[in-house]
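Each chain, written out:
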Amino acid sequence: MDLRKGLFLIFALLIFASSCGGGGGGSDGDGDDGGGDGDGGGNGNAELVPVRVFAGVPLDAPVDFENAGDGTGRVFIVEQRGTVRVIEPGGESGTFLDLQDKVFHSGESGLLGIAFHPEYENNGHFYVYYVADGPRRSVISRFTVGADPDIADAGSELVILEIPQPQATNHKAGQLTFGPDGYLYIATGDGGSSGSTSRDRTNLLGSILRIDVDNPDAGLEYGIPGDNPFAGNTQDWREEIYAYGFRNPWRFAFDPLSGVLFVGDVGDAAREEIDLIEPGLDYGWDVMEGSLCHNPPSGCDTEGLELPIFEYGRETGRAIVAGLFYRGGDIPELFGKFLYGDYVSGRLWALGWDGAAVTGNDEITAFEPFSVTAFGIDEEGEAYVCLIDGSVYRFALEGN
């Protein structure tokens, strides 16, 4: 990998604006800047270690890590340049999908996410999010696996949704995943337009979208779930919107047990935040950044705006990378906790959540600065983290 290209084209990624300014508060409200106690995880987590895996697989700037849920034990890693790698349980790997001829790869743009249909084992359908040019837009497409289960049919593309984007290459977000309700959830950033789009419900930017890919409405390749918060509105608001008011919700995760949805929204000059997503709520950008006023910088009207459940300031990091709820069996100390990191500081934490409030935030490990790009789980629910240099680590207890 060309290091200069990786650092400029990829991360650019989350931090384009968040690395600017550097001012703004440094506390989560309890005086510790939201950074945890730094004891290696707390509650017995001191023996938690990241173990390098897939060292023989050449990965270029991985930005998403998923499994197909088909019982094969394979994992799929998205490379921002426009390719998806498949890795077998024994470590063999190959190119599952190559979209480099379609993908606009610059700054924070590229191939940014993949999601496998809940019935993938039977229908072979999966969905990707990529940025294309001419005109600049985000594309959500469905593909189908080919006769070889390790190679997708590149000619099977069905474009589900296209979202016009500003010419800026930043703030595209890009994750998509199926929720426990079977609907496809999609994260979009504000498009690099300084927040002017995020609270405008007549467009799809700065939002979490929710669509039904199995029951399309007339004239569309998808349907609007009847219980979407703005379904049937008369204000010309986009009915795909599930929640809005985000800057760059790079990654999000459902708890597979409770169904709770957390989003990590990358901040500007002052705050990184984790949001608990509820339908129809306004998460405040660009009036607010975290719990702080942003535009205007003081005296902002916060009525009707949803505050984060957790935030941290610039002493801790500058570009949040969420995250996953750990429900695996190998590390009991982490069970039920939300794992997340920060690209700029390289630090990783486990956030405790009891269903109503944050119960703790323990630092579990740290990598080099400018490194952490994505988290993922395998079919057993065990947790992994991807780094910009192409390395992947599995969380384990020391000695295991």
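Residues numbered from 1 in each chain as written. Predicted model: local features only at pLDDT ≥ 70, side-chain atom pairs only at ≥ 80, totals over all residues. Heavy atoms only, no water.

## Some points on the confidence of the model for the protein chain
When pLDDT is averaged across the protein chain, the result is 90; 88% of the residues are at 70 or more. Predicted confidence is poor over residues 1-32, with pLDDT under 50, and the contacts of this stretch with residues over four places away or in other chains come to 92 contacts. Ignoring residues within four places in sequence, the model shows residues 38-46, a span with pLDDT below 50, making 19 contacts including any to other chains. (pLDDT = per-residue confidence, 0-100. Contact = heavy atoms within 4.5 Å.)

## Comments concerning the environment of Ala152
In this structure, Ala152 sits in strand β9 (residues 152-164). A sequence separation of 54 residues divides Ala152 from Asp98, and the C-alpha atoms of the two residues are 8.8 Å apart. Setting aside residues up to four positions removed in sequence, Ala152 forms contacts with Phe96, Leu97, Phe126, Thr144, Val145 and Gly146. (Helix = DSSP H or I, 4+ residues; strand = E, 2+ residues; numbered from the N terminus.)

## Comments concerning the nonpolar core
Within the largest apolar cluster, 84 residues are counted, with the highest numbers of intra-cluster contacts made by Phe96, Phe126, Leu184, Leu339 and Phe395. It is strand β7 (residues 125-132) that contributes the most residues to this core, seven residues altogether. Excluding anything up to four places from it in sequence, Phe395 contacts Leu48, Val49, Ile331, Leu339, Leu348, Ile364, Thr365, Phe375, Ala383, Tyr384 and Val385. (Core = buried A, V, L, I, M, F, W, Y, C linked by side-chain atoms within 4.5 Å. Buried < 20%, exposed > 50% of the residue type's maximum accessible area, 1.4 Å probe, protein only.)

## Let's talk about the pattern of salt bridges
Under the criterion given, the structure shown has 18 salt bridges. Of the charged contacts in the structure, one is a salt bridge between Asp181 and Arg210, with a shortest N-O distance of 2.9 Å. Remark: Arg210 occurs in strand β12 (residues 207-211) and Asp181 occurs in the loop between β10 (176-178) and β11 (184-188); sequence separation between them is 29 residues. For Asp181, a relative accessible area of 32% puts it in the partly exposed group. Taken together, the shared-partner salt bridges connect Asp70, Arg74 and Asp150 into one network. (Salt bridge = Lys/Arg side-chain N within 4 Å of Asp/Glu carboxyl O.)

## A closer look at the state of the cysteines
Applying the stated criterion to the full structure yields one disulfide. Disulfide pairing places Cys293 opposite Cys300 at an S-S distance of 2.0 Å. Judged by the torsion about the S-S bond (-80 degrees), the Cys293/Cys300 disulfide is left-handed. Its relative accessible area of 25% is what places Cys293 among the partly exposed residues. Residue Cys300 is classed as buried on the basis of its relative accessible area of 11%. (Disulfide = S-S within 2.5 Å.)

## As for the sheet that holds strand β2 (residues 62-67)
One open sheet holds the four strands; their spatial order is β2-β3-β4-β5, and the pairing between them is antiparallel. Edge strands, defined here as strands with exactly one partner in the open sheet, are β2 and β5 (93-98). Averaged over all pairs of adjacent strands, the angle between their axes in this sheet comes to 25 degrees, without regard to strand direction. Where strand β3 (residues 75-79) and strand β4 (residues 83-87) come together, five bridges link them in antiparallel fashion. Its bridge partner lying in β4, Phe76 is registered against Val86. (Pairing = 2+ DSSP bridges. Axes fitted to C-alpha atoms, helices over the stretch in contact; angles between N-to-C directions.)

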